[in-house]
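# Reading the structure
Listed here are the chains, written in short residue letters.
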Amino acid sequence: MLKKVVALCVALCLSLSAGSALAGKPYVARIIVEDEISEYSYYYDHVGVLAALDELMEDEDNRALLLYLNTPGGSMYEVDELYAKLMAYRETTGRPVYAFAAQAALSGGMYVAMAADKFVAARMSDLGSIGVIYTLTSEAGLYEKLGIESYIVASGENKAFGWPELTEEQRAFLQESVDEAFDVFVQIICEARGLTREEVLAFADGRTFTAKKALEYGLIDAVMTYDEAVDALYAAAGLDDAPLVDYPAYDEEAWDEWDDMDWIQNEEDNLLDWIEERLTRGVRQGLMALARPALREAVAR
């Protein structure tokens, strides 16, 4: 049974191909950034998205890109990596890139949206939270209450950073790192939105705001529905009825081949059938974590 579950996971991973199923026909690609922007996110497939963008850059049938955002932000490294890849797509292809904020585009979501030609949001979107945060937890106080003694032998006082407590010097180190990352964030917004540093700093204090307020700040181009955003992108790309294709794409043919395999023939496979039927696409993408170490080295150079 365990071997078959593993086989299911591998089959699902292989089924998440980024290849276009519409060879020879123009289409618009939709990249869905949902959940935390992190390599270890459950729903968002960071390595798969990077690979998809690489493939889209080489695909002349692709005519535009829609970035669909519903994210609380994420890890600074992955956020910046996605932003850089989106900028490479935009600069290499010259194709229009629109970002649409659905429920939320916070922190890192705002960051990656700056790579778009146009950034629009639904009127009930939660936007902002511009800033950088670093968290560090020490269990030393808890250990003391439980009577647990912890010993650390280190080569320097900052090697065991934050243990048993964060010193003022260490706090200053962290603040310097946070400020450096924040400066990059602010500069990206300035360049993308044509704002001065002073204008950005006036609202980039970590607060969240509505789409209406974001429009007043000059952070987005319009407040509109998803359908209106899609229509605007199609107009910008000079397209009419070209399909909208999700990337990384789900390879239905590969999944059907797995489904028809001869070894799925006994009572235990009823469970696998049940899993197949109920697994959402998001969960399937989550299983990409099994293949990420190798893909990470190959894709995220």
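Further up the page is the structure itself.
Conventions used here
Position labels on residues start from 1 in each chain and follow its written sequence. The model is predicted, so local features are restricted to residues of pLDDT at least 70 and side-chain atom pairs to those at 80 or more, both for listing and for counting; the totals for chains, interfaces and linings are taken over all residues. Note: side-chain values were computed over all heavy atoms of the structure, leaving out hydrogens and water. Note on classification: 1.4 Å probe, protein chains only; a residue is buried when its accessible area is under 20% of the maximum for its type, exposed when over 50%, partly exposed between these limits. Secondary structure elements follow DSSP: runs of H or I no shorter than four residues count as helices, runs of E no shorter than two count as strands, and numbering proceeds from the N terminus. By the convention used here, strands pair only if DSSP detects at least 2 bridges between them. An expected span of 1.5 Å times one less than the residue number is assigned to each helix. Polar contact is the term for a pair of N or O atoms within 3.5 Å; when the atoms are in protein, one must be able to donate a hydrogen and the other to accept it, and sequence-neighboring residues count only if both atoms are side-chain atoms. Comment: axis = line fitted to C-alpha atoms, over the contacting stretch for helices; angle = value between 0 and 180 degrees taken between N-to-C directions. Oblique is the label for any angle not under 35 degrees, not over 145, and not in the 65 to 115 range, which are roughly parallel, roughly antiparallel and roughly perpendicular in turn. Working rule for contacts: check all heavy atoms of both residues, and any pair within 4.5 Å makes them a contact. Classification used: nonpolar for Ala, Val, Leu, Ile, Met, Phe, Trp, Tyr, Cys and Pro, charged for Asp, Glu, Lys and Arg, polar for all others including Gly. The criterion is simple. A nonpolar core is a set of buried Ala, Val, Leu, Ile, Met, Phe, Trp, Tyr and Cys residues joined through side-chain atoms within 4.5 Å. Aromatic contacts are taken between Phe, Tyr and Trp rings whose centres are within 6.5 Å, Trp giving its six-membered ring; a plane angle under 30 degrees counts as stacked, one over 60 as edge-to-face, and the others as tilted.

### Comments concerning the pairing of strand E8 (residues 244-247)
Along E8, the buried face is formed by Val245 and Tyr247; none of Leu244 and Asp246, which line the opposite face, is buried. Pairing of strand E1 (residues 27-34) with E8, which is carried by four bridges, proceeds in the parallel orientation. The partner of Arg30 across the bridge, within E8, is Asp246.

### Details of helix H2 (residues 46-58)
Helix length check: H2, at 13 residues, gives a terminal C-alpha distance of 19 Å against a target of 18 Å (1.5 Å per residue), a fit within 8%. Among all positions of H2, only His46, Val47, Gly48, Val49, Leu50, Ala52, Leu53, Leu56 and Met57 are buried. Of the residues flanking the start of H2, the one acting as N-cap is Asp45, its side-chain oxygen 3.0 Å from the backbone nitrogen of Gly48.

### Describing the pairing of E1
For E1, a buried count of six out of eight residues is recorded, marking the element as mostly surrounded by other parts of the structure. Here E1 runs beside strand E2 (residues 62-71); their pairing, made up of eight bridges, is parallel. Within E2, the residue paired with Ala29 across the bridge is Leu65.

### Thoughts on the packing of H2 against helix H3 (residues 76-93)
The geometry of H2 relative to H3 is characterised by a closest axis approach of 10 Å and an angle of 10° between their N-to-C directions. Comparing their axes, H3 and H2 come out roughly parallel. Mapping the contact onto sequence places His46, Val49, Leu50, Leu53, Asp54, Leu56 and Met57 in H2 and Glu78, Glu81, Leu82, Lys85, Leu86, Ala88, Tyr89, Thr92 and Thr93 in H3. Residue composition of the contact of H2 with H3, by class: nine nonpolar, three polar and four charged.

### Thoughts on H3
Side chains that are three or four residues apart share a direction in an α-helix, a result of its 3.6 residues per turn. Under the 1.5 Å per step criterion, the end-to-end length of H3 is 26 Å for 18 residues, consistent within 8% with the ideal 26 Å. Residues of H3 that are buried: Glu78, Val79, Glu81, Leu82, Tyr83, Lys85, Leu86, Met87 and Tyr89. Just downstream of H3 lies Gly94, where phi reads positive at about 70°.

### What to know about the nonpolar core
The nonpolar side chains of soluble globular proteins are, as a tendency, buried together. Ranked by size, the top nonpolar core spans 52 residues in total, and within it Ile31, Phe119 and Leu127 carry the most contacts. Filtering out sequence-adjacent residues up to four positions away, Ile31 remains in contact with Val49, Ala52, Leu53, Leu56, Leu65, Leu66, Leu67, Tyr68 and Tyr247. Membership of the second largest hydrophobic core comes to 15 residues, among which are Ala64, Met224, Leu233 and Tyr234.

### Comments concerning the side chain of Gln170
Tracing the backbone shows Gln170 in helix H6 (residues 168-193). Owing to a relative accessible area of 3%, Gln170 belongs among the buried residues under this scheme. Aside from chain neighbours lying at most four places away, what touches Gln170 is Glu157, Asn158, Phe161, Gly162 and Glu165.

### Comments concerning the environment of Ala202
Here Ala202 lies in the loop between helix H7 (197-201) and strand E6 (208-209). Residue classification places Ala202 among the exposed positions, given a relative accessible area of 52%. For the pair Ala202 and Tyr217, spaced 15 residues apart in sequence, the C-alpha to C-alpha distance is 9.3 Å.

### Remarks on the packing of aromatic side chains
Applying the stated criterion across every chain yields a total of eleven aromatic pairs. Centroid distance Phe100 to Tyr226: 5.5 Å. Interplanar angle 70°. Geometry classified as edge-to-face. Placement of the pair is Phe100 in strand E3 (residues 97-106) and Tyr226 in helix H9 (residues 226-237), with a sequence separation of 126 residues. Here Phe100 falls in the buried class, since its relative accessible area comes to 3%. The class for Tyr226 is partly exposed, based on a relative accessible area of 22%. A centroid spacing of 5.2 Å and a plane angle of 80° characterise the contact between Phe209 and Tyr217, whose relative ring orientation is edge-to-face. On the basis of relative accessibility, which here comes to 7%, the residue Phe209 falls in the buried class. An aromatic cluster of three or more residues is present, and its members are Tyr68, Phe100 and Tyr226.

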